[in-house]
Amino acid sequence: MSATTNAKTSSALQRGAGGTVLPLMRLCAVLALSVASLLAPAPLRAQSVALRGWSLDRHEPSPAGDVFFAAEFPWYSSTRVVAAGAVLTHALTPLALTRDYADGTTRRDAIVAGMLVAHTLVAASAFDRVGLHLDLPLSLHQSGVADPTQSSRLAPADGANVGDLRVGTRVRLLGHADRDRFSLHLGVGVALPTGSRDVNTGDGTTRVEPRVIAAGRASSVRWSASLAWMSRPNIDGGGVVVGDELRANLGVGLALTEERLHLGLEAALFTTVRELPRSLGEGNAAFTRGAWGMELLLGARYTFLRALAVGAAAGVGLEQAAGTPTARMIVSVQYAPLSPRRELR
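Predicted model, so just to flag it, every value in this text is computed and none were measured.

What counts, and at which threshold
- Residues numbered from 1 in each chain as written.
- Predicted model: local features only at pLDDT ≥ 70, side-chain atom pairs only at ≥ 80, totals over all residues.
- Heavy atoms only, no water.
- Phe/Tyr/Trp six-rings, centres within 6.5 Å; stacked < 30°, edge-to-face > 60°.
- Buried < 20%, exposed > 50% of the residue type's maximum accessible area, 1.4 Å probe, protein only.
- Lys NZ or Arg CZ within 6 Å of the ring centre and 35° of its normal.
- Helix = DSSP H or I, 4+ residues; strand = E, 2+ residues; numbered from the N terminus.
- Pairing = 2+ DSSP bridges.
- Salt bridge = Lys/Arg side-chain N within 4 Å of Asp/Glu carboxyl O.

Engineer: Can you walk me through the packing of aromatic side chains in this structure?
Structural biologist: What describes a pair of aromatic rings is the distance from one ring centre to the other and the angle between the planes of the rings. In total, this model carries four aromatic pairs according to the counting rule given. Each ring, one from Phe287 and one from Trp292, has its centre 5.9 Å from the other, and the planes form 55°; the classification is tilted. Here Phe287 falls in the partly exposed class, since its relative accessible area comes to 48%. Between Tyr302 and Phe304, the ring centres sit 4.9 Å apart and the planes meet at 65°, which makes this aromatic pair edge-to-face. Tyr302 sits in the partly exposed class, given a relative accessible area of 28%. Above the face of the Phe270 ring, Arg58 is positioned so that its terminal group lies 3.5 Å from the ring centre.

Below, the structure is given as C-alpha cells:
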C-alpha cells in the first residue's frame, strides 16, 4: 500500500516537474544556442579574420658575416668570432589581390604597393663548429590601399612596426665553406611571434625552419645551395594561400681584388605545401598559381679595412605569390673582422 502511494506521488511530482522544468530547459537551450550563434563567427567573418595579415616580407637576410645577401655561406670561429650588420630592403608590390569575376573581368588591387624594412643582424661562432645568429626586422614604411572590396582587413600599416624576431643556429658537419670545394651544414631557424598580423609583420605564432646547407669554393668561385622546410599557419581567402613551405636558396659568386670585392647572383624559391582551399580547387597547393614564388638577386659587396663591408643588390620577383615583390632593392653594411688565426693564414 505504501509503495503504491509513493509511486502515485512520484508520478504526480514528475508530471508537475515536467510541466515546469522542461519548458525552462527548452528556454535555456534556446538562449544558449542564441548566444552561441552570436559568438560563433560567420564564414565570411572567419575569412576576414584569416586575411588580416601575416609576416609579409619574404626577404630573410643571410646571417651577418656571410658573403651572399640571402643564400647562406656559413663561417665559424676559425674565420671570425663575431659579426654584426644592418640591412635595408625595399619591396615593390609585395601584396596584390587579383580577383576574377563571372563576367570575365579581373580586378587587381595593390594592397601593399611598397614595403621598407630594416634588419639588425648579430652572429657569433664557437668551437669552429657551431654558429648562432639573430635577425630583428623593423617595418619602417608601407604604402598602398586597404582592400577596397572590404572582404578582408588587409591594408598597409602606418608607422614603424617590429617584425618577428628570428634566431637560428647552424652546425658544421664537413669542411669549411670558404676553404674547401664542398662543405655540409645543418641549421634551424625559429621566428618568435614579436610581430603582428594587423600590421603585416608577423604570423601570430612561432615558425620553425630546419634546413640543410651545402657550400664551397674553388679558386675565386663561391657557391651555396640550401633546402629548408618552414612551418606556418594556414591562411587563405581572396586567392591567398599561405601555409607550410618548402624553400630553396642558390648562390654563385666571384671573389675579386684580393678578397675585397664579392659579386654574386642568387635565387630564392618557395612553394606552399598544403591542401588547396575549396575556393581554389582540389589537391596540393605546391607550385600552383598564387602558391609559389621566386626572386632573383644580383649583388656586390666590398670590404674595407678587412672588417667593414658595404653592399647593394637588386632583383625581380617571378610568379608573384603573396609576399613576392615585382622588384627588390637592398643595401647593407656589416662589421665582420677576421679572427687572428685567419689573418695569419
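Engineer: In this structure, what is going on with the pairing of strand 8 (residues 221–230)? I would like to understand it.
Structural biologist: The alternating pattern of strand 8 places Arg222, Ser224, Ser226, Ala228 and Met230 on a buried face, while none of Val221, Trp223, Ala225, Leu227 and Trp229, on the opposite face, is buried. Between strand 7 (residues 207–218) and strand 8, which pair antiparallel and follow one another directly, the connecting turn spans two residues, one of which, Ser219, has a positive phi of 60°. Where strand 8 and strand 11 (residues 245–256) come together, ten bridges link them in antiparallel fashion. When the bridges of strand 11 are listed, Met230 appears paired with Glu245.

Engineer: I would appreciate a short explanation of the pattern of salt bridges in the present structure.
Structural biologist: Two side chains bearing opposite charge may form a pair once their charged atoms approach each other closely. Following the criterion strictly, the structure yields 21 salt bridges and no others. Between Asp164 and Arg207 there is a salt bridge, with its nearest N and O atoms 2.7 Å apart. With a gap of 43 residues between them, Asp164 in the loop between strand 4 (161–162) and strand 5 (165–174) and Arg207 in strand 7 connect regions that are remote in the sequence. The same class applies to Asp164 as to Arg207, namely buried. Taking the shortest distance from any N to any O, the salt bridge between Arg232 and Glu245 comes out at 3.1 Å. With Arg232 in the loop between strand 8 and strand 9 (235–237) and Glu245 in strand 11, this pair connects stretches of sequence that are 13 residues apart. As far as the burial class goes, Arg232 and Glu245 line up, both buried. Several salt bridges converge on common partners, so that one network encompasses Arg58, Glu60, Asp164, Asp203, Arg207, Glu209, Arg232, Glu245 and Arg247.

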